[in-house]
Amino acid sequence: MRKWLILLILMILAGCGAQQQSNPSYDETKKMVSDALQTEEGKKVMRKMLSDPEFRELLVLENEEVKKSIETTLLSEDATKFWKDTFKDPKFSETFAKSMKEQQQKIMTELMKDPSFQKELETFFGQPDMLKQMETILQSSTMRKEIEGIVEETIDSPLLKPKWQELVKTAGSEEEKSKASGESEGGKEEEKKKEEE
């Protein structure tokens, strides 16, 4: 009888232990999952899941959800203030401009090749009122100052400085060559005059 009682108590304790193991707490489950994901096998499973096109489609948000999130976050007053403050930083502005430069050039070259865009530009700038305005703007003193400022900025541009230096060097070397050839020709002419005398 005593043996059966001990056996019954052991079975109850084992059953309670099994129940606790079958229903682990949230923290225990979280720890088990994170441990499993950090193993090489877990990483392989995650890579396989992410490479599966059906699973990737599930991750993509619908257009309406994306629009709403953009409206609520990017177009909010806080976001506008954030972007204004961020673009005041010259380093950020420079980096942003450099990152967009290639795309802007592509867009402009594609637009310039587009015949409909060219026609629109021609009609826009070909209007008599527009021509008069352009003429008065280009002849105004403020525009001349603006053009001078643009030229100075272009000359001081760190991207163009090496090109300017190269142009100056080539112009200087060409001038020296032309002087040297002029002097040698002048010397030859003097020799001819002496021989003729």
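Each value, and the rule that gives it
The written sequence of each chain sets the order in which its residues are numbered from 1. Where totals are concerned, whole chains, interfaces and linings use all residues; where local detail is concerned, this predicted model gives features only for residues with pLDDT of at least 70, and gives and counts side-chain atom pairs only at 80 or more. Values shown for side chains rest on all heavy atoms present in the structure; no hydrogens or waters enter the calculation. Surface patches are drawn from residues lacking salt bridges whose relative accessible area is over 30%; two like charges belong together within 9 Å, two nonpolar side chains (Val, Leu, Ile, Met, Phe, Trp, Tyr) within 5 Å. The protein chains shown are the only cover counted for residues, whose accessible areas, like all others here, come from Shrake-Rupley with a 1.4 Å probe. Each reported salt bridge corresponds to a side-chain nitrogen of Lys or Arg within 4 Å of a carboxyl oxygen of Asp or Glu. In this count, Lys and Arg are taken as positive residues and Asp and Glu as negative ones, while His and the chain termini are left out. Where a charge sits is defined by one atom per residue type, namely NZ (Lys), CZ (Arg), CG (Asp) or CD (Glu). Only DSSP runs of H or I reaching four residues or more are called helices, and only runs of E reaching two or more are called strands; each is numbered from the N terminus. Note on aromatic pairs: the rings of Phe, Tyr and Trp (six-membered ring only in Trp) are paired at centre separations within 6.5 Å, and the planes decide the class, stacked below 30 degrees, edge-to-face beyond 60, tilted for the rest. Residue burial is assigned from relative accessible area. The probe radius is 1.4 Å, only protein chains are included, and a residue is buried under 20% of its type maximum, exposed over 50%, and partly exposed in between. Each axis is a line fitted through C-alpha atoms, and for a helix only the stretch in contact is used; angles between axes span 0 to 180 degrees, taken between their N-to-C directions. By the definition adopted for this analysis, an angle is roughly parallel if under 35 degrees, roughly antiparallel if over 145, roughly perpendicular if from 65 to 115, and oblique otherwise. We call two residues contacting when some pair of their heavy atoms lies within 4.5 Å. Each residue receives one of three labels: charged for Asp, Glu, Lys and Arg, nonpolar for Ala, Val, Leu, Ile, Met, Phe, Trp, Tyr, Cys and Pro, and polar for the others, Gly being one of them.

*Asks:* Can you lay out a negative patch on the surface for me, pointing to particular residues and giving the numbers?
*Replies:* Where like charges cluster on the molecular surface, the negative patch consists of Glu146, Glu148, Glu152, Glu153 and Asp156. Counting through the fold element by element, Glu152 comes out in helix 10 (residues 141–156).

*Asks:* An account of the packing of aromatic side chains is requested, with residue identities and associated values reported.
*Replies:* One pair of aromatic rings is described through two measures. These are the centre distance and the angle between the planes. Counted according to the given criterion, the structure contains six aromatic pairs. Ring geometry for Phe87 and Phe96: centres 5.0 Å apart, planes at 90 degrees, overall edge-to-face. By relative accessible area, which is 35% here, Phe87 ends up partly exposed. For Phe96, a relative accessible area of 36% translates into the label partly exposed. On the basis of an interplanar angle of 75 degrees and a centroid distance of 5.0 Å, the ring pair of Phe124 and Phe125 is categorised as edge-to-face. When its relative accessible area of 40% is taken as the criterion, Phe124 is described as partly exposed. According to the relative accessible area criterion, Phe125 is partly exposed, its value standing at 37%. An aromatic cluster is defined as three or more aromatic residues linked by ring pairs; in this entry it consists of Phe82, Trp83, Phe87, Phe92 and Phe96.

*Asks:* Can you lay out the packing of helix 2 (residues 26–38) against helix 3 (residues 40–51) for me, pointing to particular residues and giving the numbers?
*Replies:* Geometrically, a packed helix pair is captured by the angle between its two axes and the distance between the axes. The N-to-C vectors of helix 2 and helix 3 enclose an angle of 80 degrees; their axes lie 4 Å apart at closest approach. Judged by the inter-axis angle, helix 2 sits roughly perpendicular to helix 3. Contact residues: Ala36, Leu37 and Gln38 in helix 2; Glu40, Gly42, Lys43 and Met46 in helix 3. In terms of residue class, the contact of helix 2 with helix 3 is made up of three nonpolar, two polar and two charged.

*Asks:* Would you mind going over the pattern of salt bridges in detail, with residue names and values included?
*Replies:* Across all of its chains, the model carries five salt bridges by this definition. Among the ionic pairs, Asp85 bridges to Lys81, the shortest N-O distance being 3.9 Å. Residue Asp85 and its partner Lys81 are both found in helix 6 (residues 77–88); the two are separated by four residues, about one turn of the helix. Classification of Asp85 by relative accessible area gives partly exposed; the value is 41%. A relative accessible area of 55% places Lys81 in the exposed class. Taken together, the shared-partner salt bridges in this structure form one network comprising Lys81, Asp85 and Lys88.

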